[in-house]
Amino acid sequence: MKLEIKNEIAEITARVEAELQDSFRRIDETALYNQQKVLQAFIDHRVSVNNFNPTTGYGYDDTGRDTLDAIYADVFRAEDALVRHNIVNGTHCIAIALFAVLRPGDTLLAVTGKPYDTLEEVIGISGDGGGSLKEFGVNYEQVDLIGGAPDYEGIKKALHSGVKAVIIQRSKGYDWRETISVEEIGKIIACVRSVKPDTVCIVDNCYGELVEKREPTEVDADLVVGSLIKNIGGGLAQTGGYIAGKAKYVELASYRQTCPGLGKEVGATLGQNRFMYQGLFMAPHAVAQALKAAALCGGIMEALGYEVNPRPTDVRCDIIQAIKFNDEDKLIKFIQAIQSASPVDSFALPLPWDMPGYQHQVIMAAGTFVSGASIELSADAPIKPPYVGFMQGGLTYESAKIAIMHAASAVL
Ligand SMILES: *Cc1c(COP(=O)(O)O)cnc(C)c1O
């Protein structure tokens, strides 16, 4: 396969790029701000090469692990954090947070509509219920978004005395909706607390880290969670997840992640620390590259007549670019073309498949160094009308730009 960029696409790209200069400056400014935050945390915690030493067995006295927790807490302006390579993904992270906080008889209230697809079986909305919150006697209720915006009146009404925790999903997941900004998350939390102050506010922060200058923990979230093979792993973390927030809830999460009595004190890092440190260090820049790639993709696809979300020059609150194809064939072609312009497995042809945890067939392009990492350029879609594709990531703007131009050429 030869990378193919049609002349018309090259011309559109040049025009879109010129139109995006102000957006790009804004993205760079946020990256600089967040880089200083990260670097300061490394300095404050006196990171040294000793922090990268692998531990084995119980992992007692793993100063690298403990220091990384403290650095994450600083970056999130949180009281504490739990950063572990053996949290297997974002879904696992969210499940840990939910099981940490909820007890039989409690109600979990989703306040931004139905949570991400893979949480359905965790909560017990779908699946046979085995091991779900539902099986443990935790109830689930939901307040839908109205036209993509939080339904504040609905949320207030839904906060009965049994509601122990609310879950807020920052990013759009596989929905066609706005990403919820940190400011808006703050409003949701204030609204929840105005009715029921002791409600535990949990934010699914996947794809949102370091996109804005603040994180949801700065607007009073009790727990924020996310995956290390998305934004905050910076493309270098090989696997893992994080939980940050109020100390008492992070402690409960640590009891769930290991077990009561052990919590954060154990867990060998097996040599994973350096990747997690260096990934965090790289993350503000990696996120900026991904944001520019997303804006460029949105601009090119909009110029080709597709509806895109967000619009190219919109202020972004996550790294995802959604494109409405209204055509199954074109959607699949676009995603296959992203794969074929990837540095790894460019020769593989992604096809729709029954991915564990998803209700519809899903197609995924992830020609990535770290398997499935979506801070690296990737694109995916559930196969259902109106055939919306989701593109995200790009470790370097240049590589993402080439792949996007190639994919746009494929659907021209
Ligand atoms: C990616 C993602 C998750 C978790 O997905 P994993 O594949 O398990 O890491 C959860 N919520 C949102 C909004 C996501 O984007």
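Preceding this paragraph is the structure being described.
These numbers were taken from a predicted model, which means no experiment stands behind them.

A.B. asks: Help me out: how do you make sense of the overall build of the chain in this one?
C.D. replies: Looking only at helices and strands, the chain features eleven helices and twelve strands. Its C-alpha atoms give the chain a radius of gyration of 21 Å, near enough to 22 Å, the size a compact globule of 412 residues would have. Structurally, the chain occupies a C-alpha span of about 60 × 50 × 40 Å along its principal axes. Across the 412 residues in the chain, those meeting the buried criterion constitute 59%. For the chain, the proportion of contacts with a sequence separation of at least 24, taken over those separated by at least 6, is 72%. Here the chain holds 38 positive side-chain charges and 52 negative ones, and the gap between their average locations is 2 Å.

A.B. asks: Where do I start with the sheet that holds strand 12 (residues 388–392) in this structure?
C.D. replies: The sheet built from five strands is open, its strands ordered 8-9-12-11-10 with antiparallel pairing. On the outer flanks of this sheet lie strand 8 (307–309) and strand 10 (362–365), each paired with one strand and no other. Between one strand axis and the next, the sheet turns through 20° on average, direction left out of account. As paired strands, strand 10 and strand 11 (residues 378–382) are joined by four bridges and run antiparallel to one another. Residue pairing for strand 11: A365 is matched across the bridge by A379. Where helix 9 (residues 273–303) meets the sheet, it contacts strand 8, strand 9 (320–324) and strand 12, and its direction lies at approximately 15° from that of strand 9.

A.B. asks: What's the story with the site of the ligand in this structure? I'm lost.
C.D. replies: By nearness alone, every residue bordering the ligand is listed as N89, G90, T91, I94, Y116, Q169, D204, C206, Y207 and K230. Here an oxygen atom of the ligand and a backbone polar atom of G90 are 2.8 Å apart. At a separation of 2.6 Å, a nitrogen atom of the ligand approaches a polar side-chain atom of D204. About the coverage of the ligand: the protein hides 91% of its 370 Å² of free accessible area. A molecule is said to occupy a pocket when more than half its atoms come within 2 Å of that pocket's grid points, and by this definition the ligand occupies the largest pocket. With three residues, helix 4 (residues 90–101) is the largest single contributor of residues to the shell around the ligand. By residue class, the composition of the shell around the ligand is four nonpolar, four polar and two charged.

A.B. asks: Whenever I open this one, the pairing of strand 5 (residues 200–204) confuses me. Can you help?
C.D. replies: Each regular strand displays side chains that alternate between the two surfaces of the sheet. The buried fraction of strand 5 is high, at five of five residues. Residues V200, I202 and D204 of strand 5 are buried on one face, and the alternating residues C201 and V203, pointing to the opposite face, are buried as well. Sheet topology places strand 4 (residues 163–169) next to strand 5; five bridges connect them, and they run parallel. Across the sheet, residue A165 finds its bridge partner in strand 5, namely V200. Each parallel crossover has a hand, and the one from strand 4 via helix 7 (residues 182–195) to strand 5 is right-handed.

What counts and how
Residues numbered from 1 in each chain as written. Predicted model: local features only at pLDDT ≥ 70, side-chain atom pairs only at ≥ 80, totals over all residues. Heavy atoms only, no water. Helix = DSSP H or I, 4+ residues; strand = E, 2+ residues; numbered from the N terminus. Rg over C-alpha atoms; globule rule 2.2 N^0.38 Å. Buried < 20%, exposed > 50% of the residue type's maximum accessible area, 1.4 Å probe, protein only. Contact = heavy atoms within 4.5 Å. Lys, Arg positive; Asp, Glu negative; His and termini not counted. Charge placed at Lys NZ, Arg CZ, Asp CG, Glu CD. Pairing = 2+ DSSP bridges. Axes fitted to C-alpha atoms, helices over the stretch in contact; angles between N-to-C directions. Near = heavy atom within 4 Å. Polar contact = N/O pair within 3.5 Å; in protein donor to acceptor, adjacent residues only side chain to side chain. Areas by Shrake-Rupley, 256 points an atom, 1.4 Å probe, with all protein chains shown as cover. 1 Å grid on protein atoms, 1.4 Å probe; cavity = no way out; pocket = protein on both sides within 12 Å on 5 of 7 lines; lining within 4 Å. Sits in = over half its atoms within 2 Å of the grid points. Nonpolar A, V, L, I, M, F, W, Y, C, P; charged D, E, K, R; others polar. Right-handed = clockwise from strand over helix to strand, strands pointing away.

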